[in-house]
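What follows is the residue order along each chain.
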Number of protein chains: 2
Amino acid sequence: MEIQEAKRTFISLWGNFGTQWGINRSMAQVHALLLSSEVALSTEEVMDELKISRGNANMNLRDLLNWNLVYKKSVPGDRKEYFFAEKDMWEVAKRIVKERKRREIEPLIQHLNEIRNGLGKTSDSEKEFAKTIEGINQMVSRLNSLSDTLLKADEHAFFGMFMKYLKK
Amino acid sequence: MEIQEAKRTFISLWGNFGTQWGINRSMAQVHALLLSSEVALSTEEVMDELKISRGNANMNLRDLLNWNLVYKKSVPGDRKEYFFAEKDMWEVAKRIVKERKRREIEPLIQHLNEIRNGLGKTSDSEKEFAKTIEGINQMVSRLNSLSDTLLKADEHAFFGMFMKYLKK
DNA sequence: CACTATTTTCAATTTATATTGAAAGTTTTG
DNA sequence: CAAAACTTTCAATATAAATTGAAAATAGTG
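Scope of this entry: the structure provided in the associated data block. (Residues numbered from 1 in each chain as written. Chains lettered and ligands numbered in written order. Predicted model: local features only at pLDDT ≥ 70, side-chain atom pairs only at ≥ 80, totals over all residues. Heavy atoms only, no water.)

## Looking at the overall build of chain A
What chain A contains, in helices and strands, is seven helices and three strands. When the helices and strands of chain A are listed from N to C terminus, the series reads α-α-β-α-α-β-β-α-α-α. Evaluated residue by residue, chain A yields a buried proportion of 46% over its 168 residues. Summarising the internal contacts of chain A: among those between residues at least 6 apart in sequence, 52% fall at separations of at least 24. Carbon together with sulfur atoms contributes 50% to the accessible area of chain A, which is approximately 8,900 Å² in total. (Helix = DSSP H or I, 4+ residues; strand = E, 2+ residues; numbered from the N terminus. Buried < 20%, exposed > 50% of the residue type's maximum accessible area, 1.4 Å probe, protein only. Contact = heavy atoms within 4.5 Å. Areas by Shrake-Rupley, 256 points an atom, 1.4 Å probe, with all protein chains shown as cover.)

The following block contains the structure:
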């Protein structure tokens, strides 16, 4: 397999994977392109490589900057901005988890609490539904704390701990 | 807040949350409806409650059965099938993780390996790209093993372990 | 086995989401 | 400070994904 073909395969794979997890295809593909590139790329280069519009390229590059998955740099004597990806994938995983927690999980827990608090304690069906919501809330909160641990722990300590746990 | 309103809020919340994670809105809403219900519901009841078509209701109920998040039962003297949700949310989380691993994560690891294996070792750029793919593969594989641990560990042992880890 | 109830399928359609591209905005430079 | 280089915005459009609903298939009943 030729390297350019391998890169294209990877970009397409990462794009599909993204869509399965609620991340838009272009954003995942721009990310994959920058991960594949040894050098920082301009908006135009991203547009050309992926055959996407300027607006799309710009928007997704900006989003990737917000997610802290991509950085900018400028080249002396050149007005354009150049973008390159964070390549430490453990960092990447941590940052994605951190953002999704903040944007999605924590608001969800918030909403579940509100639903729970709005319920009376009179009827059996209210009590029953309150229990269900509590069960969901507990599960989500647990996964949320689990991800906190993931974020705090450094790679080796974390997996070392698991190994130890699995052996005993 | 009236309980019916609380349930509707929950169904809508769970539906939105689903879409953010690549699960279609109807499926998440059918799931939420069954989680909210004390009794098993027929396809018609699901259609009526959520205002969705028969095809949609049927398809999503079948999917939820495949995910092991919902069960069927039959009522003597009634031909219809009735559906009810698994309410142990820790079980629910485990089953979702298990399915997504099987359907999405493991094939991804497979594909990444193929890309890696197809690369030569001649040029620097090939070596560089191989490194990137390896980094991604390692990260994904690590999260995959982490979720294995999650699946194996029972609730209390697992979180007990984290507590201990965080304190020391 | 004919009839009825129920479930499943899938082409057509609708809806939600992503993308485009041209115009407006911003920054840089001579 | 005007012109050029570049970036951002956003209404219009295109595309992908979900949904419908009627027809076909299957299962249950007398």
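## A closer look at the pattern of salt bridges
Note that side chains of opposite charge can pair when their charged atoms are close. Considering all chains together, one arrives at 24 salt bridges over all chains under this definition. For A:R116, the salt bridge goes to A:E134, with nearest N and O atoms at 2.3 Å. Here A:R116, found in helix α5 (residues 89-118), pairs with A:E134, found in helix α6 (residues 124-152); they are 18 residues apart in sequence, far enough to count as distant. Judged by its relative accessible area of 32%, A:E134 falls in the partly exposed class. Ionic pairing is found between B:E44 and B:R54, a salt bridge with its closest N-O pair at 2.6 Å. Placement of B:E44 in helix α3 (residues 43-50) and of B:R54 in helix α4 (residues 54-66) is noted, with a sequence separation of ten residues between them. Judged by its relative accessible area of 36%, B:E44 falls in the partly exposed class. Taking relative accessible area as the criterion, B:R54 reaches 43% and is therefore assigned partly exposed. (Salt bridge = Lys/Arg side-chain N within 4 Å of Asp/Glu carboxyl O.)

## Structural notes on the protein's contact with DNA strand C
Near DNA strand C you find 16 residues, and of these A:S26, A:S53, B:N58, B:R79 and B:E81 are the closest. For DNA strand C, the fraction of protein-proximal atoms (within 4 Å) that sit in sugar or phosphate groups is 68%. Within the side chain of B:R62, an N or O atom sits 3.3 Å from a phosphate oxygen of DNA strand C. Within the side chain of B:R79, an N or O atom sits 2.6 Å from a sugar or linking oxygen of DNA strand C. (Near = heavy atom within 4 Å. Polar contact = N/O pair within 3.5 Å; in protein donor to acceptor, adjacent residues only side chain to side chain.)

## Observations concerning the sheet that holds strand β2 (residues 70-74) of chain A
All names here are of chain A. The antiparallel open sheet is built from three strands, whose spatial order is β1-β3-β2. Edge strands, defined here as strands with exactly one partner in the open sheet, are β1 (41-42) and β2. Pairing between β2 and strand β3 (residues 81-85): five bridges, direction antiparallel. What sits directly across from K73, in β3, is Y82. The sheet contacts of helix α2 (residues 25-36) involve β1, β2 and β3, and relative to β3 the element is tilted by about 85°. (Pairing = 2+ DSSP bridges. Axes fitted to C-alpha atoms, helices over the stretch in contact; angles between N-to-C directions.)

Functional significance is not addressed by these values, which are geometric in nature.
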